[in-house]
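So you can see what is in the structure, the chains are spelled out below.
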Number of protein chains: 6
Amino acid sequence: MKKIEFLNPPEIIRRSNWRDRFETKVAQWLLPWDGEEAVGIGFIGIPLSKTSISVSAASMTPNAMRELFTTVTTYNIDHDVDLQELHARDMGDIQMHVTDLYKCHINIEQGLTHLYQTLPEIFPLIVGGDHSITCPSVKAFKKRFGGKVGIVQIDSHMDVRNLEDGGPTNGTPIRGLIESGTVEGCQIAQVGIHSFANSKPYREYAAAQGITQFTARQVALEGIHSIIDQALEVADKGTEAIYVTVDMDVLDQAYAPGVPAMVPSGMTSWQLLEAVFRLGQHPKVKGFDIVCIDPLQDPRKATVRMGLHVILTFLTGIMKRGKQ
Amino acid sequence: MKKIEFLNPPEIIRRSNWRDRFETKVAQWLLPWDGEEAVGIGFIGIPLSKTSISVSAASMTPNAMRELFTTVTTYNIDHDVDLQELHARDMGDIQMHVTDLYKCHINIEQGLTHLYQTLPEIFPLIVGGDHSITCPSVKAFKKRFGGKVGIVQIDSHMDVRNLEDGGPTNGTPIRGLIESGTVEGCQIAQVGIHSFANSKPYREYAAAQGITQFTARQVALEGIHSIIDQALEVADKGTEAIYVTVDMDVLDQAYAPGVPAMVPSGMTSWQLLEAVFRLGQHPKVKGFDIVCIDPLQDPRKATVRMGLHVILTFLTGIMKRGKQ
Amino acid sequence: MKKIEFLNPPEIIRRSNWRDRFETKVAQWLLPWDGEEAVGIGFIGIPLSKTSISVSAASMTPNAMRELFTTVTTYNIDHDVDLQELHARDMGDIQMHVTDLYKCHINIEQGLTHLYQTLPEIFPLIVGGDHSITCPSVKAFKKRFGGKVGIVQIDSHMDVRNLEDGGPTNGTPIRGLIESGTVEGCQIAQVGIHSFANSKPYREYAAAQGITQFTARQVALEGIHSIIDQALEVADKGTEAIYVTVDMDVLDQAYAPGVPAMVPSGMTSWQLLEAVFRLGQHPKVKGFDIVCIDPLQDPRKATVRMGLHVILTFLTGIMKRGKQ
Amino acid sequence: MKKIEFLNPPEIIRRSNWRDRFETKVAQWLLPWDGEEAVGIGFIGIPLSKTSISVSAASMTPNAMRELFTTVTTYNIDHDVDLQELHARDMGDIQMHVTDLYKCHINIEQGLTHLYQTLPEIFPLIVGGDHSITCPSVKAFKKRFGGKVGIVQIDSHMDVRNLEDGGPTNGTPIRGLIESGTVEGCQIAQVGIHSFANSKPYREYAAAQGITQFTARQVALEGIHSIIDQALEVADKGTEAIYVTVDMDVLDQAYAPGVPAMVPSGMTSWQLLEAVFRLGQHPKVKGFDIVCIDPLQDPRKATVRMGLHVILTFLTGIMKRGKQ
Amino acid sequence: MKKIEFLNPPEIIRRSNWRDRFETKVAQWLLPWDGEEAVGIGFIGIPLSKTSISVSAASMTPNAMRELFTTVTTYNIDHDVDLQELHARDMGDIQMHVTDLYKCHINIEQGLTHLYQTLPEIFPLIVGGDHSITCPSVKAFKKRFGGKVGIVQIDSHMDVRNLEDGGPTNGTPIRGLIESGTVEGCQIAQVGIHSFANSKPYREYAAAQGITQFTARQVALEGIHSIIDQALEVADKGTEAIYVTVDMDVLDQAYAPGVPAMVPSGMTSWQLLEAVFRLGQHPKVKGFDIVCIDPLQDPRKATVRMGLHVILTFLTGIMKRGKQ
Amino acid sequence: MKKIEFLNPPEIIRRSNWRDRFETKVAQWLLPWDGEEAVGIGFIGIPLSKTSISVSAASMTPNAMRELFTTVTTYNIDHDVDLQELHARDMGDIQMHVTDLYKCHINIEQGLTHLYQTLPEIFPLIVGGDHSITCPSVKAFKKRFGGKVGIVQIDSHMDVRNLEDGGPTNGTPIRGLIESGTVEGCQIAQVGIHSFANSKPYREYAAAQGITQFTARQVALEGIHSIIDQALEVADKGTEAIYVTVDMDVLDQAYAPGVPAMVPSGMTSWQLLEAVFRLGQHPKVKGFDIVCIDPLQDPRKATVRMGLHVILTFLTGIMKRGKQ
């Protein structure tokens, strides 16, 4: 292969325009899967947001996050953990249909099911897309583990809307999972639920289903650590595995200026990172998704960046499992 | 009336492009007044901001807030309160003159006075405009109650500038109320006053008038609950009614990116919501205004949205009166 | 009905915060349909853009345009025409489904068909949405007139993509109309087709179907008036009625900064207004739509504003029919 | 005076952070007036925009333009003219009152009158502010010259609104000048008047007063040079002096993205520069203002920059007087 | 290699999230060079903009342009040319030093020289970066061809500043080429030179050197085709090869909102595309660069997109060589 | 000197368009140095950011901050301190070279050295620029005091990169100071170091050098007051003087939206102001810089404003020395 003096090929440019030899960026570690190797941690994009009730460009999030891989390192100094010890790969995106949105949900469930069969060791880091993806994702997740699964949902919304008024949207994943018998309400914990973003009838539905809910105000008053512990207890009891789903609109709009459904006085960035660190540490947590970032409405990609830190901090928790 | 298949008339569209049958948005509850019915809570716009010292588009706030009515629900999950129990109506806007700003102040005082006479039960939620509106508004408020009135002002500024250098501006409402004998300094409490946003001579003036002041740093160090209690005590003593005025520039610029006079390190969104919830609960609080949001400078209407949550949380306090 | 001094009800505010008694804004003329009256010109929103290949918020265009009704008058000074002579009404929006996009297309066709049956005199001004709406819209249009219909399309794209790769999208309306036998290629004229925005195989398909195409460069070199005349000739020959469809991405990105698929060196704003004025004058033109504006990406609503001027200038042409 | 090595004092920084010794920026030529020297060309700011009907930050234009003085040179290569031959000074701003807008108009008339008395040779370049300033400005201008004055107005609006509905606003300067007997309609020419930005009753008023009007479409069809010549003829006949007033909203919104009242398909930047060059050449043109730029809504100060080029090109015309 | 159902690997996503089988995007044609194959057209990035006098992020342009490769097709419908017939490759970027800017210039000259030696058939499409890169680039270009080279520069600036006041910046490339004896002034033609963006002493220097200059106003008055023909004549006479350099600030700021040094009333997008098409057709044109786009200041990448169309239209010209 | 009625000269406008006679803005107190007077506090700009690894416009910060001088007062109400008691002057900016970045660093060291010799009482408030300036600045600082100097660095990055891979950049100032023997690691304390913004090898280097580090998470968990006290202890032990350097990227991106290298979950605005207040109080703190604000990427100059509050709060600490 010819080497031209001073000329960096485009592939290298994309990974890093300039490198400090003593520093590893996520872009140099979270490489594309080669199609053969076993994978410990798999980054999987699901670029679907046409199922969103309000206008959303969340389908652009997986690629927007990949673009930030060159800007963050693999080292968590707070816990002295270098993520390079994890064998992580970028698996690519699930294929979406342009106009058949139900087909998109089928692709998600089948694609993830096949992925779990093909790479049985993979821990999925799923990047939406809007929250509708969590329903097919948890269905595939459950098939993988056989028994019951619990859910810890960090979200300002309950996502238990009726399925008649608009079909399976970003407002219905939890409802869809309950109605399909995939998950039981008593094994679901929701953290960060927000005033004026939900309705009373759905609060009553959630209570009737046995869902445990913690509001954003409770997080502020009681502290995130205690609330996450309570949430984990709910999702842990009687289950084989726990699925963590993070809707970025749980954050105060100051910390997540780029979500479709902003709220003021939600959680802080610090609370969310502490939450996912703790969730990552729990041995039964075996699946993770993050949804509802709109890169088109996101000044300087602040919310995409926060989403990436959520993922990296969650992985830090995984590395600290059993070591605390 | 003819009904065209699949065609929603414009009025319905404005209220909600799509509805979940189990959810009520503020747009479906806070309806325009029909000109006849008795009103419990009245949303009143005062689109005046030419009286602002710096350039301000705060006159656009009432309409900007109305546009967000379709995005928030009536349910406060933190206190399990559904605002639908309140009979609230959108009363419209006070008429402003294009070039005669003194006439604008007269219209505010006369218009509100007439409103209070016509609808004696109405609780006014006044949406500015800039802070100059508080002077004529409190004058009308006082006439309504006869006796003395107290003020709790959440603001980073004291608003006691002299009236000679520019007339009645957004920097003078408290001065105007004191000099006109409407309110006494000792019945005024100011919360959130900020460094480098006020001058020492006015600090001395405020002290001489007996105004009680709490700085933003005090809020951070002592906690918002205790400080609001102290402020209410000041405004409660010897008065018939308390008027609450919120200048949104009291917030840290991260939480209020769309105010004309931004400050860093002001109050947080959580502190402000806690403050107005507590103020709403006090039985003597009988008037409320919110001012100084500039929708033209407000990314994704974050500050307008925060302003709407301030109003809804204040109403939650009202519904919890005597119930805590 | 009680009248409060100086208080304007919200409805009046929405129509106009301030009025000059000698000026009529579009908001005061293009009123909501009362459900009974006969209508000459009907403004009809179709808020569908999930069918767009790229991310698009074009579903927000009908409401975004309504918000600008208070900013433009009814008077065209270039042709001394006051649109108030037309009896125009805002009919509202066709109802969309949140997740079933094929149902959306059915609603469009059925809703318009029913509308044309109910109000036989109505001239439809259809505001998308993305370009996929033109396929069901022309199907309803054809049913109305019985015979053959011609199309003049102002667009930088041909919109003849195959229907297999993604279903009926904003890239397929013309293909859909041809394959369904609704319109024949030889009665379709396309103006403003742009380089690097289309592919050679589709150029060949269009040629095979007999579609007449004029590129943006031809418009620049030959002049818009002559090209529109040629386009009208194509659409006129052997047809009962002509349908005009304007995709705003035909404009140079300087003039349409808020379309999803921007191109440089497209048509100018002046050329487009001249085009629609001339199209409006043709007696056989009986239907009109305008599509592909993304209000979320549109600085100061420049493209929505341009879209509104396109509509008003087209109506000016209608008023000048037979008078030139 | 001490000189610190490598330290540039703040005053020099403001004029230019870096200088090429063979290049003169406007900042180095258009210096502040020293309070004594005779002045050939005077740059005068009038920071008033509270008189605007719609929200406007045009009061910030004079300072915004001064900030761009470091970015443009004094050399017009098209006409080989170096403006350094003109003795031009920045005179500062007329003092405005914060809340008494009628006082602002008085200050303008008196301030300019006094300025003309003090510096009889000065040619005024007046930078608004909104268009209301033109009324008091022309009153002062007329006093200076004794006889009749003509006006060439480049604008998309006629500015002849009635004075009852809102007082003297940016929509009334021409009406104010006519009603006060300052200028006669038959000596006023308006260039660039735009459809859907004016009303028919005012078109009739203008005709009745004998105002000559050229629409933006006429400019496009007939060419700017011929139309400016006709406009000058109107303003020249029987007058002592001509006043030129440029409202930047005459431009297509692509060329003036930062005006309060944007229109599409107005004049192009090239047409406007040609217009003012020609106006500058006319020996009777003795006053100039430019209004209605909103620096707060102006991306990268594009419209302020265009405004500065309008001024510099107009001055080029002045230098070419009698030389063409 | 394992294939997961419905999972697209990241590499494919980057090339195209969705494909229409009958359409080829630039991303599928302008592939990374494999290090071996002969190359007809080479896309070469030079990410240097620290040499810019004003702040510039033009170093981000090569990657910003690559990101748009998925949004444009290879087909020029105006000339019925499909660029796929050209064997074009993305060669990557020349390596820059972080703090040693003189080393950057050396890398450019040596890197290009080595590239031309290694791939003797390559036609270079060089994407800056700021205009300083043109000096070392033309030095390498000249070495390749031996004899004299001519330059056609499309630019609003002359770029003949003295080299003492700041070293080799974006204001000096032409001066640098003349002083180093690389190019003679009489073989340089500059098109689009702008008023108030250059100084008279440099106009005189250029004249003394025999440089031929056409201003933007001349382009408007005489037409771009004739002026490009004249420019080519200058660069053609007595030379072996012609180098074309396009500084995007030659455009009116409406068409290039994202250049560091914006001017109003520059060239239009249409004029620039016509210019490069004609330049591409000339058989002696053998090198090309495009500079001074700042992607950080570029709304919706409008200027980057225009830059890409400039390149594709120039290549269209190349394909039409000898065929007109 | 002539006085024109109602005309404010440009110099006065720049200081304040309107003044309240009882209020002093920073612009009226922090005046340009007259070149003679002794100075207590000197504001010094260092407009260098080409040494930044990523693109940065931090060179624009000194002027951007000066523009905000008219928006803040001199009064700190939290500590009842009026900064007017300090004799502070704006000294201007250190001269930078356009292309020779090593010369820039030499200018900084020599310029500051000369400044300290000329004005021995001056306390320097240095405003970058990027963090590379801290290396030459501390070298000059050390020469001034003779003995050892300690450093308290508030930063999310360690800034100990190797000097081979890119020369002296914003990633190397601490490394440069250690390797040059200017400062010892054991006298350096770093506060706010952030995960995924540094690498493990540099953590080990820092530890080996004896640098004391506190992460942002530690600040959140332990409180800023205690951590600053520990940091001061490190920098105090065995030193003559302490230099404080603040990199604004230490803040959570919500509080510093305009830094080149944003991180979520950094410090809050309140924590940073508390930190610098405490640092200002320490008697040994004798130098200060603040770096890495990019005014071009800073919405409504929020980060520049925060930087100015950092400086004013630090000065408040200085005034409280020995008084608390």
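Residue positions are given per chain, counting from 1 as you read along its sequence in written order. Working convention: letters from A go to chains and numbers from 1 go to ligands, in the order in which they are written. Where local features are concerned, this predicted model is filtered to residues with pLDDT of at least 70; where side-chain atom pairs are given and counted, the filter is 80 or more; whole-chain, interface and lining totals use all residues. Only hydrogens and water are set aside; all other atoms, that is, all heavy atoms of the structure, feed into the side-chain values.

(A) Broad picture of the pairing of strand S7 (residues 123–128) of chain A. Residues and elements named next belong to chain A. Under the scheme applied here, a residue whose accessible area is under 20% of the maximum for its type counts as buried, over 50% as exposed, and between as partly exposed, the area being computed with a 1.4 Å probe on protein chains only. The secondary structure listing takes helices from DSSP runs of H or I that are at least 4 residues long and strands from runs of E that are at least 2 residues long, numbered from the N terminus. Counting buried positions over the six residues of S7 gives six, a clear majority of the element. Burial of S7 is two-sided: the residues Phe 123, Leu 125 and Val 127 facing one way and the residues Pro 124, Ile 126 and Gly 128 facing the other way are all buried. For S7 and strand S12 (residues 285–291), the ladder comprises three bridges, and the chain directions are parallel. Residue pairing for S12: Leu 125 is matched across the bridge by Phe 288. Two strands are said to pair when DSSP picks up at least two bridges between them.

(B) Structural detail: the UniProt feature "binding site: Mn(2+)" (unreviewed entry) in chain A. All names here are of chain A. UniProt positions are given in the numbering used here, feature names are shortened, and annotations may be inferred rather than shown by experiment. In the numbering adopted here, UniProt assigns the feature "binding site: Mn(2+)" (unreviewed entry) to His 131, Asp 155, His 157, Asp 159, Asp 247 and Asp 249. These annotated residues cover 119 residues of sequence, and their C-alpha atoms all fall within 12.3 Å of one another, placing them together at a single site. Mapped onto the elements of the fold, His 131 is located in the loop between S7 and helix H5 (134–145). What makes His 131 buried here is its relative accessible area of 1%.

(C) Highlighting the relation of the copies chain E and chain A. After a rotation of 180° and a shift along the axis of 0.0 Å, chain E superposes on chain A with an RMSD of 0.0 Å. Read as a symmetry element, the transformation amounts to a two-fold axis. In this assembly, 100% of the residues forming the interface of chain E have copies in chain A that are likewise at the interface, indicating an isologous arrangement. When the copies are overlaid, the least-squares fit takes in C-alpha atoms only where the residue has pLDDT of at least 70 in both copies. Residues count as neighbours in contact if any of their non-hydrogen atoms are within 4.5 Å of one another.

(D) Region of interest: the environment of Ala302(A). Along the polypeptide, Ala302(A) turns up in helix H11 (residues 302–319). In this structure the C-alpha to C-alpha distance between Ala302(A) and Gly280(A), which are 22 residues apart in sequence, comes to 23 Å. Look past the residues within four positions of Ala302(A) in its chain and what remains in contact with it is Pro257(A), Gln253(F) and Met262(F).

(E) View of the interface of chain C and chain D. With 32 residues of chain C at the contact, the number on the chain D side is 36 residues. When two parts are brought into contact, each loses some accessible area as probed by a 1.4 Å sphere; the total of that loss over both is the buried area. Both sides together, the interface formed by chain C and chain D hides about 3,000 Å², and carbon and sulfur atoms give 54% of it. It is Tyr75(C), Ile77(C) and Arg300(C) that lose the most area in chain C upon contact with chain D, and together they represent 25% of the buried surface on that side. Counted as salt bridges are all cases of a side-chain nitrogen of Lys or Arg within 4 Å of a carboxyl oxygen of Asp or Glu. In this structure, the connection of chain C to chain D is made through five salt bridges. One salt bridge in this structure joins Arg21(C) and Asp165(D), with 2.5 Å as the shortest N-O distance.

(F) Up close: the interface of chain E and chain A. If you look at the interface, chain E gives 39 residues, while chain A gives 39 residues. For the pair chain E and chain A, the two sides together bury roughly 3,600 Å², of which 57% comes from carbon and sulfur. For the chain E face of the interface with chain A, the top three residues by lost area are Lys2(E), Ile4(E) and Phe6(E), together amounting to 19%. Connecting chain E to chain A are zero salt bridges. Throughout this description, a polar contact denotes any pair of N or O atoms lying within 3.5 Å of each other; where both atoms belong to protein, one of them has to be capable of donating a hydrogen while the other can accept it, and for residues adjacent in sequence the pair is counted only when both atoms sit in side chains. Run the count over chain E and chain A and you get twelve residue pairs in polar contact (both at pLDDT 80 or more). Those elements that place two or more of their residues in the side of chain E that touches chain A are strand S1 (7–8), helix H1 (10–15), helix H3 (61–67), strand S6 (88–94) and helix H4 (101–118) of chain E. With seven residues, H4(E) is the largest single contributor of residues to the side of chain E that touches chain A. Any residue that is not Ala, Val, Leu, Ile, Met, Phe, Trp, Tyr, Cys, Pro, Asp, Glu, Lys or Arg is counted as polar, Gly included; the first ten are nonpolar and the last four charged. The residue makeup of the side of chain E that touches chain A, split by class, is 16 nonpolar, eleven polar and twelve charged. Direction of pairing for strand S6 (residues 88–94) of chain A relative to S1(E): antiparallel, over a ladder of two bridges.

(G) A look at the confidence of the model for chain A. Residues of chain A with pLDDT of at least 70 account for 100%, and the chain-wide mean is 96. Across the interface, the model reports ipTM at 0.96; the global pTM reads 0.97. The predictor's confidence in any single residue is recorded as pLDDT, a number from 0 to 100.

(H) Layout of the pattern of salt bridges. Following the criterion strictly, the structure yields 84 salt bridges over all chains and no others. The shortest N-O distance in the salt bridge between Arg66(E) and Asp93(E) comes to 2.9 Å. Taken together, the residues span a long stretch of sequence, with Arg66(E) in helix H3 and Asp93(E) in strand S6 at a distance of 27 residues. Take Asp93(E): its relative accessible area is 2%, and that puts it in the buried class. Measuring nitrogen to oxygen at the nearest pair gives 3.0 Å for the salt bridge that ties Arg89(F) to Glu37(F). Linking Arg89(F) in strand S6 (residues 88–94) with Glu37(F) in the loop between strand S2 (31–32) and strand S3 (41–46), this pair joins segments that are 52 residues apart in sequence. Overlapping salt bridges bring together Asp20(A), Glu23(A), Lys25(A) and Arg161(F) as one network.

(I) Looking closely at helix H10 (residues 269–281) of chain A. Residue and element names in this part refer to chain A. For H10, with 13 residues, the first-to-last C-alpha span of 19 Å sits near the 18 Å given by 1.5 Å per residue. The buried fraction of H10 is high, at eleven of 13 residues. All buried positions along H10 are accounted for by Ser 269, Gln 271, Leu 272, Leu 273, Glu 274, Ala 275, Val 276, Phe 277, Leu 279, Gly 280 and Gln 281. Expected span of a helix: the number of residues minus one, times 1.5 Å.

(J) How the structure looks around unusual backbone geometry. The amide bond that connects Gly128(D) to the next residue, Gly129(D), takes the cis arrangement and shows omega of 15°. Counting through the fold element by element, Gly129(D) comes out in the loop between strand S7 (123–128) and helix H5 (134–145). Phi is positive for Phe6(E), which is not a glycine, with a value near 65°. You can see Phe6(E) is positioned in the segment before S1. Its relative accessible area of 22% is what places Phe6(E) among the partly exposed residues. Residues other than glycine seldom take positive phi values, yet Arg300(F) does so here, at roughly 50°.

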